[in-house]
Amino acid sequence: MTEAAVKATELEKSFGEGAARTYAIRGISFEAYFGEMLYFVGPSGSGKTTLLSMISGILKPDSGVVKVEGKDIWGLSANEIADFRLNKVGFVFQDYHLFPKLSTVENVAIPLILKKQDWERSLETAMEFLEVVGLTDRASLPPVKLSGGEQQRVAIARAIVSRPDILIFDEPTASLDGLTGKRILEFVKENILNDKRCILIVTHDSRIFEFADRIIGMEDGRIVKITSGGEIEG
Ligand SMILES: Nc1ncnc2c1ncn2[C@@H]1O[C@H](COP(=O)(O)OP(=O)(O)OP(=O)(O)O)[C@@H](O)[C@H]1O
Ligand SMILES: [Mg+2]
């Protein structure tokens, strides 16, 4: 059997102390596979962002294990975790987090600069990825000159420029109109997903359910339902 891209086992996470303690994640296990687009859906506060932060090496669980490509990421040293975040995962935030003072192509080049690649070469590679998301002609503009959908594509280009195996989107369509949201997800499924990559998506948006291979339903820090391919209705 092929190794899971991500294997989470009995994850738990709470915040705060005493009476103010919130149990955000209460025993979650799942596997995600290469070539798969896996969605996480559930009401606000059900723990979706917390869960994916633990998968991407941003937030340490109180207990449980996260294996990415068989490696226990929370058993790594601080340096190794930083390396993992830079090289193995790409995170696309809800509000893009683009740098307003940098041009579009410079925004995309940032992860390469962080990896201490030569500036000129980083910009060349960033241009290649802007081509993947169809924005070559916007390269020299600042992000504020781009539409919401274009900014989202810049964020995607920046997330994939270092060729991560695991790509995580938190509410990718939250601030987009329905048609733009669908186009972006269609684009991601056709151009970004491949058999060596796994994409995890948090969403409330049933208009993009049609692109999911499986949907994990969450409530109150737990998985309540897993729906696969054929059963999904948009
Ligand atoms: N840093 C934090 N400190 C305290 N409580 C937190 C923190 N992060 C999350 N929580 C709590 O954990 C629970 C899960 O939050 P989380 O952000 O994971 O939910 P979510 O499913 O992503 O919600 P939304 O759909 O609104 O983004 C919530 O009750 C939230 O208030
Ligand atoms: Mg969230």
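Below is a short write-up of the structure. Values in this document were obtained by computation on a predicted structure and should not be read as measured data. (Residues numbered from 1 in each chain as written. Chains lettered and ligands numbered in written order. Predicted model: local features only at pLDDT ≥ 70, side-chain atom pairs only at ≥ 80, totals over all residues. Heavy atoms only, no water.)

## Here we look at the sheet that holds strand S2 (residues 22-32)
Judged by pairing direction, the sheet is antiparallel, and its 4 strands sit side by side in the order S2-S1-S4-S5 without closing on themselves. Edge positions in the sheet fall to S2 and strand S5 (71-72), since each of these pairs with one other strand and no more. Summarising the sheet, strand S4 (residues 63-68) and S5 pair through 2 bridges and their orientation is antiparallel. The residue of S5 that forms the bridge with Val68 is Lys71. Here helix H1 (residues 48-55) sits on the sheet and contacts strand S1 (6-15), S2 and S4; the angle it forms with S1, its principal contact strand, is near 125 degrees. (Pairing = 2+ DSSP bridges. Helix = DSSP H or I, 4+ residues; strand = E, 2+ residues; numbered from the N terminus. Contact = heavy atoms within 4.5 Å. Axes fitted to C-alpha atoms, helices over the stretch in contact; angles between N-to-C directions.)

## Re a negative patch on the surface
A cluster of like negative charges, contributed by Asp118, Glu120, Glu124, Glu128 and Glu131, occupies part of the molecular surface. Within the secondary structure layout, Asp118 lies in the loop between helix H3 (104-114) and helix H4 (119-132). (Patch = residues over 30% accessible without salt bridge, like charges linked within 9 Å, V, L, I, M, F, W, Y side chains within 5 Å. Areas by Shrake-Rupley, 256 points an atom, 1.4 Å probe, with all protein chains shown as cover. Salt bridge = Lys/Arg side-chain N within 4 Å of Asp/Glu carboxyl O. Lys, Arg positive; Asp, Glu negative; His and termini not counted. Charge placed at Lys NZ, Arg CZ, Asp CG, Glu CD.)

## Some remarks on unusual backbone geometry
Residues other than glycine seldom take positive phi values, yet Arg163 does so here, at roughly 50 degrees. With respect to the helices and strands, Arg163 occurs in the loop between helix H5 (148-160) and strand S7 (166-170). Although it is not a glycine, Glu171 adopts a positive phi angle of roughly 50 degrees. Inspection of the secondary structure assignment puts Glu171 in the loop between S7 and helix H6 (178-192). Note on Glu171: relative accessible area 9%, which makes it buried. (Buried < 20%, exposed > 50% of the residue type's maximum accessible area, 1.4 Å probe, protein only.)

## Examining the pattern of salt bridges
Counted by the stated rule, this structure contains 12 salt bridges. Among the salt bridges present, the one from Lys88 reaches Asp165, with a minimum N-O distance of 3.1 Å. Of this pair, Lys88 sits in the loop between helix H2 (78-87) and strand S6 (89-92) while Asp165 sits in the loop between H5 and S7, and the two are 77 residues apart along the sequence. Overall, the relative accessible area of 29% leaves Lys88 in the partly exposed class. You can call Asp165 buried: its relative accessible area is 18%. Where salt bridges share partners, they join Glu69, Lys88 and Asp165 into one cluster.

## A closer look at the packing of H3 against H4
Relative orientation of the contacting elements H3 and H4 amounts to 120 degrees, with a least axis distance of 8 Å. The angle between the axes of H3 and H4 places the two elements in the oblique class. Here the hand of the crossing between H3 and H4 comes out right-handed. Seen from H3, the contacting residues are Thr104, Val105, Glu106, Val108, Ala109, Leu112 and Ile113; seen from H4, they are Trp119, Ser122, Leu123, Thr125, Ala126, Met127, Phe129 and Leu130. For the contact of H3 with H4, a count of residues per class yields 11 nonpolar, 3 polar and 1 charged. (Parallel < 35°, antiparallel > 145°, perpendicular 65-115°, else oblique. Left-handed = near helix turned anticlockwise from the far one by under 90°. Nonpolar A, V, L, I, M, F, W, Y, C, P; charged D, E, K, R; others polar.)

## Quick notes on the site of ligand 1
Around ligand 1 sit Phe15, Thr22, Ala24, Pro43, Ser44, Gly45, Ser46, Gly47, Lys48, Thr49, Thr50 and His204, and those are all the residues in its vicinity. Contact between ligand 1 and Ser44: an oxygen atom at 2.5 Å from a side-chain N or O atom of the residue. Interatomic distance of 3.5 Å between a side-chain N/O atom of His204 and an oxygen atom of ligand 1. Protein coverage of the free-state accessible area of ligand 1, which is 640 Å², stands at 59%. Counting only elements with at least two residues in the shell around ligand 1, the list comes to S2 and H1. Ranked by the residues each element gives to the shell around ligand 1, the list is headed by H1, at 3 residues. (Near = heavy atom within 4 Å. Polar contact = N/O pair within 3.5 Å; in protein donor to acceptor, adjacent residues only side chain to side chain.)

## A closer look at the packing of aromatic side chains
Taken as a whole and judged by the stated rule, the model has 3 aromatic pairs. Aromatic side chains Phe30 and Phe40 sit 5.2 Å apart centroid to centroid with 70 degrees between the ring planes, which places their arrangement in the edge-to-face category. Here the residue Phe30 occupies a position in strand S2, and Phe40 occupies one in strand S3 (residues 37-41), the gap between them amounting to 10 residues. The class of Phe30 is buried, set by a relative accessible area of 5%. Residue Phe40 is classed as buried on the basis of its relative accessible area, which comes to 0%. (Phe/Tyr/Trp six-rings, centres within 6.5 Å; stacked < 30°, edge-to-face > 60°.)

## A look at the pairing of S1
Relative to S2, S1 runs antiparallel, the two being bridged by 8 bridges. Across the sheet, the residue bridging to Val6 is Ala32, located in S2. The turn linking S1 back onto S2 is made up of 6 residues, and Gly16 within it adopts a positive phi angle of 80 degrees. Sheet analysis places S1 next to S4, joined by 5 bridges and oriented antiparallel.

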